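Below, each chain spelled out in residue letters.
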Amino acid sequence: MIQAALATGLVGLSAWAVATFPRSVVVFLLFQGSLLFVYLARIPRWLRTALLALALLVLMPVLGHFNGYYLEIATQVGIFVALALGLNIVVGLAGLLDLGYVAFFAVGAYSWAIFGSPHANIMFGGGFPLAPGWFYAFLLVGLLLGAGTGVLLGLPVLRLRGDYLAIVTLGFGEVIRVLANNLDKPVNITNGPKGITPISRPPVPFDVPYAEAFYFLVLLIVVVVVLVNRRLEDSHVGRAWEAIREDELAAQAMGVPLVRSKLLAFGCGASFAGIMGVVFSAKQVFINPESFTFLESIGVLAMVILGGMGSIPGAVVGATVVTVLNLQVLKGFSLWLNELKNAGVVVLGYNLADLPTQLEPAKYERMIFGAILVLMMIFRPQGILPVRRRARELGTP
Amino acid sequence: MDLPLLVGIFPQVFLDGLILGFMYALIALGYTMVYGVLEFINFAHSEIFIVGAFVGVEILLGMRAAGWLEALPWPLVLLLILVAGMAGAGLLAVSVERIAYRPLRGAPRLIPLISAIGVSFFLQDLIRLVESIWRNAFNLVYPTMDALNHRFELTETIDVSVKSLVVIAAALAMLWALHALVNRTKIGTAIRAVAEDQAAASLMGIDVNRIISLTFLIGGAMGGAAGVLFGVQYGLINPYSGFIPGLKAFTAAVLGGIGNIPGAMIGGVVLGLLEAFAASYLSLLTGGAFGAEYKDIFAFSVLILILIFRPKGLLGEIVRERA
Amino acid sequence: MSALFEARGITKRFGGLTALHAVDFALDAGIASIIGPNGAGKTTLFNVFTGLYRAEEGGVTFRGQPLLGLRPDQITALGICRTFQNIRLFGNMTAIENVLVGMHARVRLGLRDVLARGPRFHASEGALMARASALLERVGLLPQANEVARNLPYGDQRRLELARALASEPALLLLDEPTAGMTRGEAGALMGLLRALVADLGLAVVLIEHNMRVVMGVSDRVTVLDHGEKISEGAPHEVQADPRVIEAYLGTRHSGAPRRRLAER
Amino acid sequence: MLSVDALEVAYGGIRALKGVALEVGRGEIVALLGNNGAGKTTTLKTISGLLRPRRGAIALEGESLVGVPPHRIVLKGIAHVPEGRRIFNRLSVRENLMMGAYPRHDAAAIAGDLDRVLVLFPRLGERIAQVAGTLSGGEQQMLAIARALMLGPRLLLLDEPSMGLAPVLVEQIFETIVDINRQGTTILLVEQNAAMALAIAHRGYVLETGSVVLTDTAAGLSDNADVRRAYLGE
Amino acid sequence: PASSLEAQASKGTIKIATQSPLSGGQAALGEGIKLGAQLAIEKFRGGLEKRGFKVELVPFDDQAKPDVGVANAKNIIADKDIMVVVGHLNSGVAIPSSEVYKEVNLAMVSPANTNPVITDRGYPNVFRICGRDDVQGVVGAEFAKGTMKVKSAYVIHDKTAYGQGVAEFFKADAEKKGIKILGFEGTEEKSNFDPIITPIKAKNPDLIYFGGIYEQAGPFFKQAREKGVKSKFLGPDGLDSSDLVRIAGKAVVGMYYTSVAGPVSVYPQAKQFAEEYKKKFGKNPEPFAAQAYDSAAIAIKALEAVTKTGKAPTRDAVTAAIRDVRHTGITGTVEFDAKGDPKKALYFVLQVAGENPEKWSDNKEVKRLSIAAPPVKK
Ligand SMILES: Nc1ncnc2c1ncn2[C@@H]1O[C@H](COP(=O)(O)OP(=O)(O)OP(=O)(O)O)[C@@H](O)[C@H]1O
Ligand SMILES: Nc1ncnc2c1ncn2[C@@H]1O[C@H](COP(=O)(O)OP(=O)(O)OP(=O)(O)O)[C@@H](O)[C@H]1O
Ligand SMILES: [Mg+2]
Ligand SMILES: [Mg+2]
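Residue indices begin from 1 for each chain and proceed along its sequence in written order. As they are written, the chains are lettered A onward and the ligands numbered 1 onward, keeping that order. Only residues with pLDDT of 70 or above have their local features reported here, since the model is predicted, and side-chain atom pairs are shown and tallied only from 80 upward, although totals for entire chains, interfaces and linings are computed over all residues. Calculated side-chain values reflect all of the structure's heavy atoms, with hydrogen atoms and water omitted.

Participant: Would you mind showing me how to read the overall build of chain B here?
Facilitator: By the criteria applied, helices consist of DSSP H or I runs no shorter than four residues and strands consist of E runs no shorter than two, each listed in order from the N terminus. Summing up its helical and strand segments, chain B has 14 helices and four strands in all. Taking 20 Å as the expected radius of gyration for a compact globule of 323 residues, we find that chain B reaches 20 Å, a close match to that expectation. Overall, the C-alpha framework of chain B stretches about 60 × 55 × 35 Å when taken along its three principal axes. A burial count over chain B gives 67% of its 323 residues as buried. Any pair of residues with heavy atoms lying within 4.5 Å of one another is described as a contacting pair. Of the contacts made within chain B by residues no fewer than 6 positions apart, 75% connect residues no fewer than 24 positions apart. Only the C-alpha atoms count toward the radius of gyration. The rule for a globule is 2.2 Å times the residue count to the power 0.38. Under the scheme applied here, a residue whose accessible area is under 20% of the maximum for its type counts as buried, over 50% as exposed, and between as partly exposed, the area being computed with a 1.4 Å probe on protein chains only.

Below, the structure written as structure tokens:
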């Protein structure tokens, strides 16, 4: 009861605060924190759903209207949440270490980039870009392409174990990126390092601004992905994945078809990445191979593990934390330090304006991120929201 | 296609590949030793490697400033920076293990992996910070030692420089020493025992923590040596230039069969040769349609093929898991 | 009429080592035991039967259908299931989840059913749960249904493995040293359970055991392997008396009656 | 020689030992009996330092072992043959044996002990260069015991040495244990095969769900009705 | 505390943002952009401050990643005080980020993005003061044929939009002019060029053209000379850094490079810039630092024009004012055309004078070309 009031109050208060101080990173962080609190609080289910829906469907877009930066963060969080959930199936549930996951993201992104821009004219003569409405069809294409690529890669390599699989997927990820970087000759498919632009944006109903439209689209996809994830996890398919993760040989001996189950995991994970790739390319208007590096794959992996391997809320929170940390907290922190410096604030008798450029805070964001990763692993190795095992209702014999 | 050209450069490309391969092999040892004992990929090893290179260059720059670089005989200088690079990288590796990995013993396997990635990020920018303050630059150039650059012209197109020979000789010597250490000494046996079963090893009176530290020390030192040789051979280093060779070396370790010391060496050499031949020949063979930019694709494709046919790497144990 | 299960001329090599050499084995019903010294090839034979190893020579048929070349999961689907010598449960899953995984081969749902969560899905899940509970009850683990398998005591783990194997509705059950590490009392109880299962479900069972009390107590027939070859086969008392078996396996006192050594000191 | 008192050990929240007390006198064979999960292995692991007790005392000749890491406990002369053998599969038989003598530096004495051990287990001598993982189960058990003997221990902890062994081998192993004891090594033996264990032990303890419920001489236990029913299967 | 007093007296703060990679592998160049802009702001903000405005630099780290750049861009447009963005280093980040600036007509002045697409989109708020790939490659080819009189060339590039772009235009134009192209290769390799050099050495071209940045070109040239390659070297303005000789030493003495940043004889302030930069930051300017300096100077000039009346500036006004700026800086005289490209750019071909990095600014002009940006290709 107290928690219910607290949760409702917190969401309201923080939303009000964001509206009042639209530039304060700390206040926005409070808002994000209140959402987590709502999720974790012991409150009735309807209230939780209502509060989350209110916050995500109404408050967020409104706040985003005051400050597009927040909406951008929310949208990118959504994109990474979907990626993390996809990878969570592969790594968290099925236990297959995939270090080249971003390759599937790239495949989806390039599919719409090529046909949703004039670039395809180089290969097919004319008629491109496709009408923007095709974007919605390409969501499906991205999904299928992602899944197809996943299966294609999976077929030969899934009998590899552990780190051997990891290195092959790493190699595959690099192959896809290098291909994207090089396939501007002999036939120009990807336009190489120069990238593809302009990529059409989808038509939007009711003239919703693009930023809001993409936010809602990403949110919708995330909801679907979460739902699919939950249903898969809580079925014989999910149990088979988990069994494979625990003990491949025993799982097989108990009747779990290894290759088929693993392919399914690979395909599912890849399809989420594929669909988000399509969204990403339309949102960015421009893509080139630099968005699909190995570090990007590592980033998504860090999200999954930071959140708690195999846990759906964990993947969501992990993706959020990493993205918010990178785009918002660390950036906000360096901007704040920069302001102090510009204002010539004196700390312990030392004028920050005299700070040598070598110590410029913005340069060391990644160093801090690295330290945070290490500390998180040391102090919370099971992740932020580890899997909680539900007690099962026992059927009557 | 120009057949005489293709044949003519063959020995040179082979040599280039061999040098690169030995470099990879030395780095790969760090991955393989850590993997062998703790079964996780030490992503920070690429930074440990580059720290070796930085220690080497700092000493060289210091010696040049003091005017010793010309005064001392080059083999002595080289030995000095090698030892210093090995010590620096080895100690760093030991500290990293103490701080970032030891608290995670017994956690699921991917946890230390993420910690290692964190360490890797941290170290990259830490090196940069330190060098920025110290030298106000973090792209450092190895001072040239003329004696090392001397080339022996074998034919018109083929030659070999002293430093290339040094790299090969040093790599071979170190690989041999390590092999002997691990297989012929009591400490080496203890390392292998710990690799297999830590609890059982501790019941033998083996201080598992010390052996693990030792493993990091050795792996780090090999990486540090590779770093110094890398700097001497290729000239320019920065805090981020360890990353790609690290990734390649790790690939080499897997290619050879991860956890397997001779495997790391074979894997490194195979990968080095593959890369060198791809970079030199692809363009010549395809009339320019595909070029050196495809060398990594080529190397990785071969890797994937090899693993499909030998799922435990070239030298990995193929014993199936016992049911 | 051919036997329910029949293996002929199985040969399996590991590098230079011939772990099995032209072994024949057949079973129609009841409990058959395989005994033999350590390293004789007993577990290897199970691995061949269940498709984990591929034999170099020989053939296995089950209900007349050839098994060699099938994958382990396919063999399980046909009705052969096993336990492992060194328990291989899914340690981080609960007891009931372990049993549910064992039913995988019997689930008749497509991906579409899973994603749609229609009545078909709920009916199927409900039935699985009921059967899993019944199985746990049978082996006496119902109270521990929601315990994580890793935390169960050793004996319970053995019984859970048995329940998990039974979950796939096998007609033939292969048990690899199910009573290893049990006291006599516990081993006796487990064998009682096994006998009841055979009677109720009409199971055929192949048992690998070193515990002679158990082997002599429950087996209808005993096969003895040594160095990958069959050296003896027959009713328990016949095998027990076979001098080759005594020499290779049983030792001079085949039931292991205690010898009062202390008195000598 | 060894005394354990009021020992409590827990895995996470689960209490596995709830106040175990036992004594092992110099030169004795003491058997520790109990059902699955009674806490026998836990007791041995705690003595050899692999587990840290929550409470309680362990002392070897008056010197406390609580909180001492396993590799230091080994130095005090306690060797532990763990459950499931845990030999080093990828090392050769000789290397395994040399690992047993790891803390020792007296090369000559080690060589002498190696000869002694190989006399005790001639099979190992025949396979001295073989990779241990390819030994048969019984040979692996011999190796595990031999490896522990290479320390020259004062006290030998044996955890189910007969598990999974063919009857012939079980017999051999027990005979060897008696031989080892005769040569002066004190032995704490955990064994499911209660009949065999009581046959060679001087004294015994019965453990049930983490507590000692009974202790007596071996003969006394063999004659105890409860023990006969639960552990001797009558 | 002291600053809050000042703020009361002032009419507000004007911020100029930079976006460039400050961390990661490309940090050195990105930092050069930031420092160049910083120097210009500190030097030229006096006029605005006299009018009561506080002028600040806000550096953003785009990590060379498009998604980070876009998020920063959103953050930038949300800060109403930011009037101009100086950035980016990577075209891949600049293109999607400038889509965001365009939403609020915030001016972006690019010091380094040579990709034609940047301005070919015709956005009113996008400007660049650097040359374009298509022009610079042509300048190189012109020089190779006309002055160097080479008959054969081997082209290497770094597989980035910049390097490959320049290299392709060089190759196309050189072929047109009758130079035999013996090879055209891209590589992402940073350290080990042995296997690329071996075939080059065997083919022995008159000229090696390297489309890329000095960090990669330096080791390449050095290793090539060490391996006995005798060809001449040529490259674009990515090589214009004293670090090139620091890395490659005598291997690059006598090498030619094309650049919009002219020698001291033409732009006397250039020397002063280099000296001030060195004094303040303790190192020689990176490539594009000079361009960033000029970009920021142009921004300030436009801000001064807008605030003449003492009113606070608006983004629209600043953007419009930039279009009218005519500025003679250290990289030439800049005036923008309708697309935001420099109307006419002066290109120089310079030759590396000696081994000493301190003497980089002594590099001599060998040739000068004045070229207008080409019209958009349809
Ligand atoms: N995967 C494998 N690779 C190599 N050799 C193997 C493999 N599996 C089994 N062997 C060998 O085959 C032989 C038979 O082993 P198996 O496990 O079948 O024996 P077992 O009869 O079950 O013995 P135990 O009673 O000790 O369990 C042994 O010598 C063993 O070392
Ligand atoms: N790693 C562990 N985590 C959690 N509980 C454990 C663990 N190891 C043992 N236990 C529990 O502690 C108790 C005692 O176990 P222990 O292994 O000491 O028994 P034991 O007497 O040796 O039995 P066994 O005859 O099966 O070897 C059991 O309830 C067991 O389930
Ligand atoms: Mg067996
Ligand atoms: Mg036990």
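After that view, the rundown keeps rolling.
Participant: Would you mind showing me how to read the sheet that holds strand 7 (residues 155–159) of chain D here?
Facilitator: Strand pairing within a sheet occurs via backbone hydrogen bonds; the two strands may be parallel or antiparallel. Residues and elements named next belong to chain D. With mixed pairing, six strands are arranged side by side in an open sheet as 6-7-8-3-9-10. Looking at strand neighbours, the two that pair on one side only are strand 6 (78–81) and strand 10 (211–217), the edges of this open sheet. Within the sheet, the average angular offset between the axes of one strand and its neighbour, ignoring direction, is 15 degrees. Pairing of strand 7 with strand 8 (residues 186–190), which is carried by five bridges, proceeds in the parallel orientation. Note on pairing: two strands pair once DSSP finds at least 2 bridges between them. Note on geometry: axes are C-alpha line fits, over the in-contact stretch for helices, and angles between N-to-C directions span 0 to 180 degrees.

Participant: I would appreciate a short explanation of a nonpolar patch on the surface in the present structure.
Facilitator: Residues and elements named next belong to chain A. Residues forming no salt bridge and having over 30% relative accessible area are the ones grouped into patches, like charges within 9 Å of each other and nonpolar side chains (Val, Leu, Ile, Met, Phe, Trp, Tyr) within 5 Å. Computed with the Shrake-Rupley method and a 1.4 Å probe, the accessible areas treat only the protein chains shown as cover for residues. By convention in these notes, a salt bridge is any Lys or Arg side-chain nitrogen within 4 Å of a carboxyl oxygen on Asp or Glu. On the surface, Leu54, Leu57, Val58, Val62, Phe66 and Phe216 cluster together to form a nonpolar patch covering roughly 520 Å² of accessible area. You can see Leu54 is positioned in helix 3 (residues 45–66). The class of Leu54 is partly exposed, set by a relative accessible area of 40%.

Participant: Help me understand the coordination of the magnesium ion (ligand 3), please; the structure alone is not making it clear to me.
Facilitator: The reference angle at a metal is 109.5 degrees if four donors form a tetrahedron and 90 or 180 degrees if six donors form an octahedron. All names here are of chain C. Counted as coordinating are nitrogen, oxygen and sulfur atoms within 2.8 Å of the metal, or 3.2 Å for Na, K and Ca, while water is not included, which may make sites look incomplete. Coordination of the magnesium ion (ligand 3) by the protein is provided by Thr43 (OG1) and Gln85 (OE1), with metal-donor distances spanning 1.9 to 2.1 Å. Residue Thr43 is found in helix 1 (residues 42–49), and its partner Gln85 is found in the loop between strand 6 (80–82) and helix 3 (95–102); the two are separated by 42 residues along the sequence. Thr43 sits in the buried class, given a relative accessible area of 9%.

Participant: Sorry, what's going on with the sheet that holds strand 4 (residues 55–60) of chain D here?
Facilitator: Residue and element names in this part refer to chain D. As summarised here, the arrangement of the four strands in space is 2-1-4-5, forming an open sheet in which the pairing is antiparallel. Single-partner strands in this sheet number two, and they are strand 2 (14–24) and strand 5 (63–64). Together, strand 1 (2–11), strand 2 and strand 4 form the strand contacts of helix 1 (residues 40–47), whose direction differs from that of strand 1 by roughly 110 degrees.

Participant: It is not clear to me how the site of ligand 2 should be interpreted in this structure. Could you clarify?
Facilitator: Taken together, 17 residues sit near ligand 2, with Lys40(D), Thr41(D), Thr42(D), Glu83(D) and Gln192(D) positioned nearest. We call a residue near a molecule or strand when any one of its heavy atoms sits within 4 Å of it. At the site occupied by ligand 2, the surrounding residues belong to chains C and D. Any N or O atom pair separated by 3.5 Å or less is treated as a polar contact, with the protein-specific requirement of one donor-capable and one acceptor-capable atom, and with residues adjacent in sequence counted only for side-chain atom pairs. Between ligand 2 and Gly37(D), the relevant distance is 2.8 Å, taken from an oxygen atom to a main-chain nitrogen or oxygen of the residue. The separation between an oxygen atom of ligand 2 and a polar main-chain atom of Lys40(D) is 2.8 Å. Contact with the protein chains covers 79% of the free accessible surface of ligand 2, which is 630 Å². Take the shell around ligand 2: its biggest share by element is three residues, from helix 1 of chain D. Only Asp, Glu, Lys and Arg are considered charged in this grouping, and only Ala, Val, Leu, Ile, Met, Phe, Trp, Tyr, Cys and Pro are considered nonpolar; every other residue, Gly among them, is considered polar. Its residues assigned to classes, the shell around ligand 2 shows six nonpolar, eight polar and three charged.

Participant: So what exactly am I meant to see when it comes to the packing of helix 3 of chain A against helix 4 (residues 68–93) of chain A here?
Facilitator: When two helices pack together, their arrangement is given by the angle between the helix axes and the distance between those axes. All names here are of chain A. It is at 5 Å that the axes of helix 3 and helix 4 come closest, and there the two elements cross at 135 degrees. Classed by the angle they form, the pair helix 3 and helix 4 counts as oblique. Touching Met60, Pro61, Gly64 and Phe66 of helix 3 are Gly68, Tyr70, Leu71 and Ala74, all from helix 4. Residue composition of the contact of helix 3 with helix 4, grouped by class: six nonpolar, two polar and no charged. Any angle between 65 and 115 degrees counts as roughly perpendicular, while under 35 counts as roughly parallel, over 145 as roughly antiparallel, and the rest as oblique.

Participant: Help me understand the interface of chain A and chain B, please; the structure alone is not making it clear to me.
Facilitator: Accessible area lost during the coming together of the parts is what is often quoted as the interface size. The interface of chain A with chain B comprises 44 residues on the first partner and 52 residues on the second. Accessible area that two parts lose when put together, evaluated with a 1.4 Å probe and summed over both, is termed the buried area. The largest contributions to the chain A side of the interface with chain B come from Asp163(A), Tyr164(A) and Met367(A), which together make up 15% of the buried area. Where chain A packs against chain B, one counts zero salt bridges. Looking at the side of chain A that touches chain B, the elements that each hand over two or more residues are helix 7 (134–157), helix 8 (162–182), helix 13 (294–307) and helix 15 (365–379) of chain A. With 12 residues, helix 8 of chain A is the largest single contributor of residues to the side of chain A that touches chain B.

Participant: Which parts of the structure should I look at to understand the domain arrangement of chain A?
Facilitator: All names here are of chain A. Each domain's limits were defined by an automated method or a database of domain assignments. In terms of domains, chain A is made up of domain 1 (1–66) and domain 2 (67–393). Using C-alpha coordinates to define each centre, domain 1 is positioned 25 Å away from domain 2. Taken together, the contacts link 19 residues of domain 1 with 17 residues of domain 2. When domain 1 packs against domain 2, the two sides together hide about 1500 Å² of surface, and 65% of this comes from carbon and sulfur. If you look at where domain 1 meets domain 2, you find zero salt bridges. Across the contact surface, domain 1 and domain 2 share five residue pairs in polar contact (both at pLDDT 80 or more). Where the side of domain 1 that touches domain 2 is concerned, the elements lending two or more residues are helix 2 (25–40) and helix 3.

Participant: How do you make sense of unusual backbone geometry when you look at a structure like this?
Facilitator: Note on backbone geometry: most residues besides glycine have negative phi, and most peptide bonds are trans. Put simply, Thr197(A) and Pro198(A) share a cis peptide bond, and its omega is -10 degrees. Structurally, Pro198(A) is set in the loop between helix 8 and helix 9 (210–233). A cis amide bond links Gly87(E) to the next residue, His88(E), at an omega of 0 degrees. Relative to the assigned elements, His88(E) resides in the loop between strand 3 (82–87) and helix 5 (91–103).

Participant: What am I meant to see in helix 4 of chain A here?
Facilitator: Structural remark: α-helix, 3.6 residues per turn; residues separated by three or four positions point the same way. All names here are of chain A. Taking 1.5 Å of rise per residue, 26 residues should cover 38 Å, and helix 4 covers 36 Å from first to last C-alpha, within 8% of that figure. At Leu87, helix 4 shows its maximal bend, which comes to roughly 35 degrees. Extensive coverage of helix 4 is indicated by the burial of 25 of its 26 residues. The opening residue of helix 4, the one whose side-chain oxygen lies 3.0 Å from the backbone nitrogen of Tyr69, is Asn67. Within two residues after helix 4, Gly95 carries a phi angle of roughly 70 degrees, on the positive side. Every helix has an expected span of 1.5 Å times one less than the residues it contains. The bend at a residue is defined as the angle formed between two axes, one fitted to the seven residues ending at that residue and one fitted to the seven starting there.

Participant: What exactly am I supposed to notice about the pattern of salt bridges here?
Facilitator: Working definition: two side chains of opposite charge can pair if their charged atoms are close together. Taken as a whole and judged by the stated rule, the model has 68 salt bridges over all chains. Arg177(A) serves as the salt-bridge partner of Glu188(E), at 3.0 Å between the closest nitrogen and oxygen. Remark: Arg177(A) occurs in helix 8 and Glu188(E) occurs in the loop between strand 7 (180–186) and helix 9 (194–203); the pair is interchain, linking two chains. When its relative accessible area of 12% is taken as the criterion, Arg177(A) is described as buried. Residues Asp120(E) and Lys339(E) are paired through a salt bridge, measuring 3.3 Å at the closest nitrogen-oxygen approach. Of this pair, Asp120(E) sits in helix 6 (residues 117–120) while Lys339(E) sits in the loop between strand 12 (332–335) and strand 13 (344–351), and the two are 219 residues apart along the sequence. A residue is classified by how much of its surface remains accessible, and Asp120(E), at 26% relative accessible area, is partly exposed. Here the salt bridges share partners, and the residues they tie into one network are Lys248(B), Glu275(B), Lys295(B), Asp296(B) and Glu189(E).

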